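Here is how the chains run, residue by residue.
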Amino acid sequence: MRAPITVQFNRPLAAVALTVAATVSGVAPAAAHPVQPGTPTPGKPSPGVPRAGAPKQPPASMSTLGGEQLGRPGPQTGEGAPPLPADLSALSWMVSDADTGQVLAANNAHWPLPPASTLKMLFADTVLPAVPGTVSHKVEPAELTGMGDGSSAVGIVPGQTYLGADLWRGVFLRSGNDAVHVLASMNGGVPKTVTDMQAKAESLGAKDTHVRSPDGYDAEGQVSSAYDLSLFLRSGLKNKDFREYCATADAKFPGGPNTKGKPFGISNTNRMLSGIGGVAKYPGLIGGKNGYTTHAGNTLAEAATRDGHTILVTVMNPQENKHDKVYTETRALLDWGFTAVGKAKPVGTLDALKPTTPPKPVGTAATKTDSSGMGVLGWTGLGAGAAVAAGVAYVVLKRRPERRRRV
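Keep in mind the model is a prediction, meaning the values are calculated, not measured.

Caption draft 1: Examining the nonpolar core more closely. Grouped together as the largest cluster of nonpolar side chains are 62 residues, with contacts concentrated most on Ile156, Trp168, Phe172 and Phe242. Residues in contact with Trp168, not counting those within four places in the same chain, are Phe123, Ala124, Val127, Leu128, Val131, Leu183 and Tyr245. Core analysis: the next-biggest nonpolar cluster, separate from the first, contains 25 residues, Trp93, Leu285, Val326 and Val341 among them.

Following this line, the structure appears as structure tokens:
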């Protein structure tokens, strides 16, 4: 798989700056996420998650939340569905209609698997309301401790002041765990943020998700599912700021000492949005979130709009070791979803927790409601406003081996 593009100074500068600052302050950088007493140790694979070379079989019993078919192993489609794309290798995937909540097709939708940085969608769902883009914050050295080895970073410098919007672009574009940790600190700290994220997942009906770290870095017991990740993306798209950040392909990020304070360019690691790494941009793509860790493999959740429909696709851990397989499978499933919507009988729903409408009292008029709460979002054209104008000056970029990055 082709190596991702990384801003040259990110890891070296962050490491040097953090080490110097920690020496002055007496705070030593930690090698793993802070853990509350009684919680599993981070950095270890989740129990029940297949290791490399082991048979990869879904659990004998999976949740049926959202529909009985969603608890069955293997590909699930309904009457009238077109043939599924060939060569799908992901352990789990799901295609759904964001507007109606209908699940159009799924494969092991409720299999709890490590989510990698797609969990940052839940982080944003949880923390964005508390930390808006307009707030400014001076980063303390202690706020950058606790990131896992090999974490992706946007290049935040201790002692420098950032706007919330800069930090959120660091999360969505560069999948920066450094930005996540600073925002978590602004939200009251990592332990509180983890607790808040778990509560948010429960409120959305994401019963397969167990949060151990705010950034998605591998941690024992930390899992989610294609069903839950689709819930997180659908929920996020209702938030104007979430939509803007996830649709941004390129932006400028505040510079540090090595750029003499000048902003530098960053591109979104979501290649279907940014087009980097030889991946063609997907027409009508709104955006989403990608991820990779050793135990999660590649994960991706995307939303796209076409002909008045918005389709969500989540793909977890493709097994074929081909260049950008997670993107080719997601692309194929998006195409399939636009073909199937309105024709295929759904196999489930994302609105499993939606309250049932009470019977209409005799003599009263029925109140017309939107079946999903998303009809007024205005999906079309979101991606067009996300790109930064041509001519943005970029710092020198370099490549690193993809398997060493944790996004």
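Caption draft 2: How the structure looks around helix α4 (residues 177-186). For α4, the tally of buried residues reaches eight of ten residues, placing the bulk of the element in the interior. All of the buried residues in α4 are Asn177, Asp178, Ala179, Val180, His181, Val182, Leu183 and Ala184. Of the surrounding secondary structure, the elements contacted by the buried residues of α4 are α2 (120-127), β5 (136-138), α3 (164-174) and α5 (190-204). Directly after α4, the chain includes Gly188, whose backbone phi takes a positive value near 115°.

Caption draft 3: Quick look at the packing of α3 against α4. Orientation of α3 relative to α4, taken along the N-to-C sense of each, is 135°, at an axis distance of 8 Å. The orientation of α3 relative to α4 falls into the category oblique. Where α3 crosses over α4, the handedness of that crossing is left-handed. Contacts between α3 and α4 involve Leu167, Trp168, Gly170 and Val171 from the former and Ala179, Val180, Val182, Leu183 and Met186 from the latter. Partitioning the contact of α3 with α4 into residue classes produces eight nonpolar, one polar and no charged.

Caption draft 4: The side chain of Asp97, seen in detail. Relative to the helices and strands, Asp97 resides in strand β3 (residues 92-97). There is a polar contact of 3.4 Å between the side chain of Asp97 and the backbone nitrogen of Thr100. Not counting residues within four places of it along the chain, the set of residues in contact with Asp97 comprises Gln102, Leu104, His309, Thr310, Ile311 and Val341.

Caption draft 5: Geometry of the confidence of the model for the protein chain. Summarising the model, the protein chain shows a mean pLDDT of 81, and 73% of its residues fall at 70 or more. Low pLDDT, under 50, characterises residues 1-55; the predicted model gives this stretch 125 contacts beyond four residues in sequence or across chains. In the model, residues 361-404 has pLDDT below 50 throughout and makes 81 contacts with residues more than four positions away in sequence or in other chains.

Caption draft 6: Region of interest: the pairing of strand β8 (residues 264-267). Alternating positions in β8 separate into two faces, Phe264 and Ile266 on one and Gly265 and Ser267 on the other, with burial throughout. Two elements, strand β7 (residues 250-253) and β8, share four bridges in a ladder whose sense is antiparallel. Looking at β8, one finds that Ala251 is bridged to Ile266.

Caption draft 7: Main features of the pattern of salt bridges. What the rule picks out here adds up to nine salt bridges. As a salt-bridge pair, Glu202 and Lys207 come within 3.1 Å of each other at their nearest N and O atoms. Residue Glu202 is classed as partly exposed on the basis of its relative accessible area, which comes to 35%. For Asp324, the salt bridge goes to Arg271, with nearest N and O atoms at 2.6 Å. Here Arg271 lies in helix α8 (residues 271-274) and Asp324 lies in the loop between β11 (309-316) and α9 (325-340), a separation of 53 residues in the sequence. Accessibility expressed as a relative area gives 4% for Arg271, which makes it buried. Three or more residues are tied together by salt bridges with common partners; here these are Glu320, Lys325 and Glu329.

Conventions used here
- Per chain, residues are indexed from 1 in the order of the written sequence.
- Only residues with pLDDT of at least 70 get local features here, since the model is predicted, and only at 80 or more are side-chain atom pairs given and counted; chain-wide, interface and lining totals rely on the full set of residues.
- Side-chain descriptors were evaluated using all non-hydrogen atoms of the structure, hydrogens and water having been removed beforehand.
- The criterion is simple. A nonpolar core is a set of buried Ala, Val, Leu, Ile, Met, Phe, Trp, Tyr and Cys residues joined through side-chain atoms within 4.5 Å.
- Working definition: with a 1.4 Å probe on protein chains only, accessible area under 20% of the residue-type maximum means buried, over 50% means exposed, and in between means partly exposed.
- By the convention used here, residues are in contact when the closest approach between their heavy atoms is within 4.5 Å.
- Secondary structure elements follow DSSP: runs of H or I no shorter than four residues count as helices, runs of E no shorter than two count as strands, and numbering proceeds from the N terminus.
- Axis definition: a line fit to C-alpha positions, over the contact stretch in the case of helices; interaxial angles, taken between N-to-C directions, run 0 to 180 degrees.
- Should an angle lie under 35 degrees it is considered roughly parallel, over 145 roughly antiparallel, and from 65 to 115 roughly perpendicular; all remaining angles are considered oblique.
- Left-handed describes a crossing in which the near helix is turned anticlockwise from the far one by less than a right angle; the clockwise case is right-handed.
- Think of it as three bins: nonpolar holds Ala, Val, Leu, Ile, Met, Phe, Trp, Tyr, Cys and Pro, charged holds Asp, Glu, Lys and Arg, and polar takes everything else, Gly as well.
- Any N or O atom pair separated by 3.5 Å or less is treated as a polar contact, with the protein-specific requirement of one donor-capable and one acceptor-capable atom, and with residues adjacent in sequence counted only for side-chain atom pairs.
- A score from 0 to 100, pLDDT tells how confident the predictor is in each residue.
- Two strands pair under a simple rule: DSSP has to find at least two bridges between them.
- Criterion for a salt bridge: a side-chain nitrogen of Lys or Arg within 4 Å of a carboxyl oxygen of Asp or Glu.

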